[in-house]
Amino acid sequence: MHTRTLAQLSADLRARRVSATELTKHFLDRIARHDATLNAFITVTSEQALAAAAAADKRLGRGDATPLTGLPIAHKDIFCTAGVKTSCASKMLDNFVAPYDATIVERLQNAGVVMLGKTNMDEFAMGSSNETSFYGPVKNPWDHALVPGGSSGGSAAAVAARIAPAATGTDTGGSIRQPAALTGITGIKPTYGRVSRYGMIAFASSLDQAGVLTQTAEDAALLLEAMAGFDERDSTSLDDAVPNYSKLVNEPWERVTIGVPESFFDAGLEADNAKALRVALKELEKLGATLKPIELPHIHLSVPAYYVVAPAEASSNLSRFDGVRFGYRSAAKADDLLSFYMRNRGEGFGPEVKRRILTGAYVLSAGYFDAYYLQAQKVRKLVSDDFTRAFREVDFVAGPTTPAPAFGLGQKTGDPIQMYLNDIYTIGANLAGLPAMSLPCGVVRGLPVGLQLVAPPLHEAQLLKTGHYFQRVTDWHQRVPANYA
Amino acid sequence: MLGPDDIRRLCRLARLDISATEIADASAKLSSIVAMVDQLQAVDTAGVVPMAHPLDRPQRLRADVVTDVDRHELYQRNAAQVERDLYLVPKVIE
C-alpha cells in the first residue's frame, strides 16, 4: 500500500478498497518503524491524524469528498499549523505553537487531507543538506551515510522512504528541487506568487515559494491544484485563475521545444550525471520534443547574486525574533535591552542562520549597500532577462537539478561556499520567479539524480504534463530504496 | 577580509551575541562568502534597472477597514513573560 501514489490511493479510497483510517494507521506505523533512523519528522501528529481520517471516512461515506479527502501527507515544519508546534527546525521556535494555520494547510485540510506530522528541515530553510536543523540531520533513505539535500530534506526523505505518500515544501533557492533530486522523487516550485505565503515562516520574501514533493508529476498536479490560488492575506499572491492541473496533465501531448544551455554541461557537472541527463533528454526527444541549444549568459552569476539578496532579506525578516512576543528567551539575566536581545538571538539561532544574518547586515550596511545589494539586484535582472529571451524561442529550459548525486553527512559543513554551490542550477528560477520542477531521471553510483525543467511564469500545467508524459515512459520515479520497498 | 572587529560590529548591528570562540570561525567563513559575492563587482550593469521582486505587477490595495479580531490571549500564549496583557522585558530605566 505504501508504494501507491496519491492518484492511486485516491481511487482506492473512493472504491472502498481501503479506508482513510486504515491508510493513516498504515503510514503512522511506517513512521514509527523507520523514523528513528531517518529523522524525517520533528513532530508526528498521530491523534489529530486519526481524528482527521475518521472525519474523512465520514465525508467519503456521505459522498461530498474531494479527490484529496482521506489522503495522508506531511507538512514541512515551516508552515504554521494551529495548535501544533511549528519550529522551523530552530531552537528559537522550539517552544512555538502556531496560533493559526498557513493558507496552504487550511486549504488542504478543507479538501480533507490528513496531516501525518511536521517534517524536519534546515534551520529557517537555510541549508542544502538538512544538517543545520536544531533537531539533527535527516538521513538519505538510499544511504544513511548521505544527506537527503535541503532545506526540505525531511519532506524529501519521508516521500522517498514511502513513510508519507507526499509532502509540502518550500523553495527559496532550490529547497524543493534539490532534495527531490537527491532522493529520487518529484518536486515542483511554482511561479512566485502562485501559492500563498501566508503562515509560511519567511526566509527571503522575494524568493520564497511553497510547493510539493511527490512520487509523480500527476500527484504534484493533484496537490498543487488545491494549494494554489489567490489569497488576500498575502500581498504578493497572484489572482490568476488556477487551471485544472490534474485534468490537464492527461491531455494530449503538444509539441514542445526544450532549450538546453550547454554551459550546464561544463566541468561543474559530474560526468555520469551529465550522461544520465543526456539519456533523459533523448527520451523527451522520442516523445516528440525538439531540443535546442540556448545560452543563459548570466546564469553563472546567480549564486553570488542570490547570496547577497537572500541574506539581506533574511536579516530583515529574522529581526522579528527577539524573545519578547514569542520564541526563545535566554535564562541569563540581562542588564539592558540590547544585551537582552543579543542573548536571546545569539543563543536561539544556529551558526548557519547567524552567518546569513551577518552577511545580510554586511551587504545592507552603510557604504556597502550600492556595491553589494543594489548591484546584486541589477544582476538579478540580467539573469531574469536571460530567461525571458530564452522563452521567446523555447517552451522549457532543461538541465541538471544538482551537480552530483547526494554527498556524505558532514562532507561540506566546513565550507559554506561548497555547500552553496549545490544550488547552482536551481537558484536562477528563484531569482526570476519562474516555475521549475525536478524529475528523477537516472542513477549515478546507485543514487538518484534529477532532471530540471524551468518554464515561463504560470506554465505549471505544461510543466506537470511534460513530467507526467516523461514518467509514462520512464520508471526512475518508481524506484524505492531497498530498506523501504 | 572581515576581521574580529568587523564581526563584532556586525553582531551589534544584527543584535546577535557571539562568543569569543565563534568569532574566528565567523570571520573566516564570512570572508569567504564576501569574496564569492565580490564576483558581482566585475559585471557591467550600467543602465540596468535593479530587480527587487519577480512580480512585475502593481501592488494591490484593499479597503482601509479593520478585518482582524482581537486574539491577544491566544497570541500571548507564546510569550515568555506576560502580565496584565502586556509583554514583559527587563527593566531598562531606573
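Numbering of residues begins from 1 in every chain and follows the order in which that chain's sequence is written. Written order decides the labels, with chains lettered from A and ligands numbered from 1. For a predicted model such as this one, the threshold for reporting local features is a pLDDT of at least 70, and the threshold for listing and counting side-chain atom pairs is 80 or more; totals across whole chains, interfaces and linings nevertheless cover every residue. No hydrogens and no water enter the side-chain calculation; it runs on all heavy atoms of the structure.

Here the focus is the overall build of chain B. Where helices and strands are cited, they refer to DSSP runs of H or I of at least four residues and of E of at least two residues respectively, numbered from the N terminus. Within chain B one finds three helices and two strands. All radius of gyration figures rest on C-alpha atoms, and the globule criterion is 2.2 Å times the number of residues raised to 0.38. Taken over the C-alpha trace, chain B has a radius of gyration of 22 Å; the compact-globule value for 94 residues is 12 Å, which it surpasses by more than 25%. For chain B, the spread of C-alpha atoms along the principal axes amounts to about 55 × 45 × 25 Å. When the accessible surface of chain B is totalled, it reaches about 6,800 Å², and 54% of it is carbon and sulfur. To be clear on the numbers: accessible area is Shrake-Rupley with a 1.4 Å probe, and residue cover counts the displayed protein chains and nothing else.

Further remarks concern the interface of chain B and chain A. Quite often, the size of an interface is put as the accessible area lost when its parts meet. Working rule for contacts: check all heavy atoms of both residues, and any pair within 4.5 Å makes them a contact. In this assembly, 50 residues from chain B lie in contact with 72 residues from chain A. Two parts lose some accessible area (1.4 Å probe) when they are put together, and adding that loss for both gives the buried area. Carbon and sulfur atoms supply 67% of the area that chain B and chain A bury against each other, a total of about 5,200 Å² over both sides. Three residues, B:Met51, B:Arg60 and B:Asn78, lead the burial of chain B against chain A; their summed loss comes to 14% of the area buried on that side. Basic side-chain nitrogens of Lys or Arg form a salt bridge, by our definition, when they fall within 4 Å of a carboxyl oxygen of Asp or Glu. Of the charged contacts, one joins B:Arg57 and A:Asp239 as a salt bridge, the two residues approaching to 3.9 Å between their closest N and O atoms. Under the rule applied, a polar contact is a pair of N or O atoms within 3.5 Å (in protein, one hydrogen donor and one hydrogen acceptor; residues adjacent in sequence only if both atoms are side-chain atoms). There are 19 residue pairs in polar contact (both at pLDDT 80 or more) connecting chain B and chain A. For the side of chain B that touches chain A, the elements supplying multiple residues, two or more each, are helix H1 (4-13), helix H2 (20-37) and helix H3 (72-76) of chain B. Broken down by element, the residue count for the side of chain B that touches chain A peaks at nine residues, all from H2(B). Of the residues belonging to the side of chain B that touches chain A, the class tally is 29 nonpolar, eight polar and 13 charged. Put simply, Ala, Val, Leu, Ile, Met, Phe, Trp, Tyr, Cys and Pro go in the nonpolar bin, Asp, Glu, Lys and Arg in the charged bin, and everything else, Gly too, in the polar bin.

In a structure, side chains of opposite charge can pair up when their charged atoms sit close to one another. In total, this model carries 29 salt bridges over all chains according to the counting rule given. Two residues, A:Arg17 and A:Asp12, come together in a salt bridge whose shortest N-O distance is 2.9 Å. The cut-offs for exposure are 20% and 50% of the maximum accessible area for each residue type, with area from a 1.4 Å probe on protein chains only; residues under the lower value are buried, those over the upper are exposed, and the others partly exposed. Note on A:Asp12: relative accessible area 7%, which makes it buried. A salt bridge links A:Arg479 to A:Asp475; the nearest nitrogen and oxygen atoms lie 3.4 Å apart. One network of salt bridges, with partners in common, ties together A:Glu352, A:Arg355, A:Arg356, B:Asp25 and B:Lys29.

So, on to the nonpolar core. Residues and elements named next belong to chain A. Ranked by internal contacts, the top residues of the largest apolar core, which has 170 residues, are Phe124, Phe349, Phe387, Val397, Leu451 and Leu464. Tallying contributions element by element places helix H10 (residues 302-317) first for this core, with nine residues. Leaving out residues up to four positions away in the same chain, Leu464 has contacts with Ile188, Ala217, Ala220, Ala221, Leu224, Tyr245, Val249 and Met437. In this description, a nonpolar core means a group of buried Ala, Val, Leu, Ile, Met, Phe, Trp, Tyr and Cys residues linked to one another through side-chain atoms lying within 4.5 Å.

Residues and elements named next belong to chain A. Here the bond from Gly150 into Ser151 is cis, since omega is 10°, no more than 30 degrees from zero. In this structure, Ser151 sits in the loop between strand E3 (114-119) and helix H5 (153-160). Unlike most non-glycine residues, Arg16 shows phi in positive territory, near 60°. Structurally, Arg16 can be placed in the loop between helix H1 (6-14) and helix H2 (20-38). Given a relative accessible area of 54%, Arg16 falls into the exposed group.

Before going further, it helps to spend a moment on the confidence of the model for chain B. How sure the predictor is of each residue is captured by pLDDT, a score from 0 to 100. Confidence in the prediction of chain B, expressed as mean pLDDT, is 93, and 99% of residues score 70 or more. Confidence metrics for the complex model read pTM 0.98 and ipTM 0.95.

This part takes up the side chain of A:Thr214. Looking at the element boundaries, A:Thr214 is found in strand E6 (residues 209-214). At a separation of 2.8 Å, a polar atom in the side chain of A:Thr214 contacts the main-chain carbonyl oxygen of A:Thr216.

We now examine a nonpolar patch on the surface. All names here are of chain B. Patch criteria: residues need more than 30% relative accessible area and no salt bridge. Like-charged residues are merged within 9 Å; nonpolar side chains of Val, Leu, Ile, Met, Phe, Trp and Tyr are merged within 5 Å. Taken together, the side chains of Tyr75, Val82 and Tyr87 define a hydrophobic patch exposed on the protein surface, amounting to about 230 Å² of accessible area. Checked against the element boundaries, Tyr75 lands in helix H3. Given the relative accessible area of 32%, Tyr75 is considered partly exposed.

A word on the packing of helix H12 (residues 351-364) of chain A against helix H13 (residues 369-390) of chain A. All names here are of chain A. Packing of H12 against H13 leaves a shortest axis separation of 7 Å and a crossing angle of 110°. Between H12 and H13, the angle falls in the class roughly perpendicular. Taken together, the residues of H13 that come into contact with H12 (itself represented by Tyr362, Val363 and Leu364) are Phe369, Tyr372 and Tyr373. When grouped by side-chain class, the residues that make up the contact of H12 with H13 number six nonpolar, no polar and no charged. Simply put, an axis is a line fit to the C-alpha atoms, just over the touching stretch for a helix, and the angle between two N-to-C directions goes from 0 to 180 degrees. Note on angle classes: values under 35 degrees are labelled roughly parallel, values over 145 roughly antiparallel, values of 65 to 115 roughly perpendicular, and the remainder oblique.

Residue and element names in this part refer to chain A. Side-chain rings of Phe, Tyr and Trp (the six-membered ring for Trp) are treated as a pair once their centres are within 6.5 Å; stacked means planes under 30 degrees apart, edge-to-face means over 60, and tilted covers the remaining angles. This structure, assessed with the given rule, holds 17 aromatic pairs over all chains. Ring centres of Phe124 and Phe349 lie 5.8 Å apart, and the angle between their planes is 70°; this geometry places the pair in the edge-to-face category. Linking Phe124 in the loop between E3 and H5 with Phe349 in the loop between helix H11 (337-348) and H12, this pair joins segments that are 225 residues apart in sequence. On the basis of relative accessibility, which here comes to 1%, the residue Phe124 falls in the buried class. You can call Phe349 buried: its relative accessible area is 4%. For a lysine, the NZ atom is tested; for an arginine, the CZ atom; a charge sits over a ring if that atom is within 6 Å of the ring centre and within 35 degrees of the ring normal. Just above the ring of Tyr469 sits the side chain of Arg472; from NZ or CZ to the centre is 4.6 Å.

All names here are of chain A. Buried within helix H4 (residues 103-110) we find Thr103, Ile104, Val105 and Leu108. Buried-residue contacts for H4 involve strand E2 (72-76), strand E4 (166-171) and helix H7 (217-227). Phi turns positive one or two residues past the end of H4, at Gly112, with a value near 100°.

Residue and element names in this part refer to chain A. What a helix should span is 1.5 Å times the count of its residues minus one. Here H12 is 14 residues long and its end C-alpha atoms lie 20 Å apart, about the 20 Å a rise of 1.5 Å per residue gives. Of all 14 residues that make up H12, 12 are buried, and the element is covered over most of its length. Looking at H12, one finds that the buried residues are Glu352, Val353, Lys354, Arg355, Arg356, Ile357, Leu358, Thr359, Gly360, Ala361, Tyr362 and Val363.

Turning to the state of the cysteines, a few remarks are in order. When two cysteine sulfur atoms are found within 2.5 Å, that pair is recorded as a disulfide. With the rule as written, the count across this model stands at zero disulfides over all chains. This cysteine, A:Cys88, is not joined by any disulfide, and A:Cys80 carries the nearest cysteine sulfur, 8.5 Å off.

Looking now at the side chain of A:Asp101. Residues and elements named next belong to chain A. You can see Asp101 is positioned in the loop between E2 and H4. Here the positive residues are Lys and Arg and the negative ones are Asp and Glu; neither His nor the chain ends is included. Lys118 provides the closest opposite charge to the buried, salt-bridge-free Asp101, at an N-O distance of 7.8 Å. At 2.8 Å, the side chain of Asp101 and the backbone nitrogen of Ala82 are in polar contact. Setting aside residues up to four positions removed in sequence, Asp101 forms contacts with Cys80, Thr81, Ala82, Glu106, Gln109 and Tyr198.

This part takes up the pairing of strand E10 (residues 436-444) of chain A. All names here are of chain A. Burial within E10 is extensive, with eight of its nine residues counted as buried. Sheet topology note: the strand E5 (residues 186-189)/E10 ladder contains three bridges and is antiparallel. Following the sheet pairing, Ile188 is matched in E10 by Met437. Where E10 hands over to strand E11 (residues 447-454), the hairpin turn is made up of two residues, of which Arg445 adopts a positive phi near 50°. Pairing between two strands is assigned when DSSP locates at least 2 bridges connecting them.

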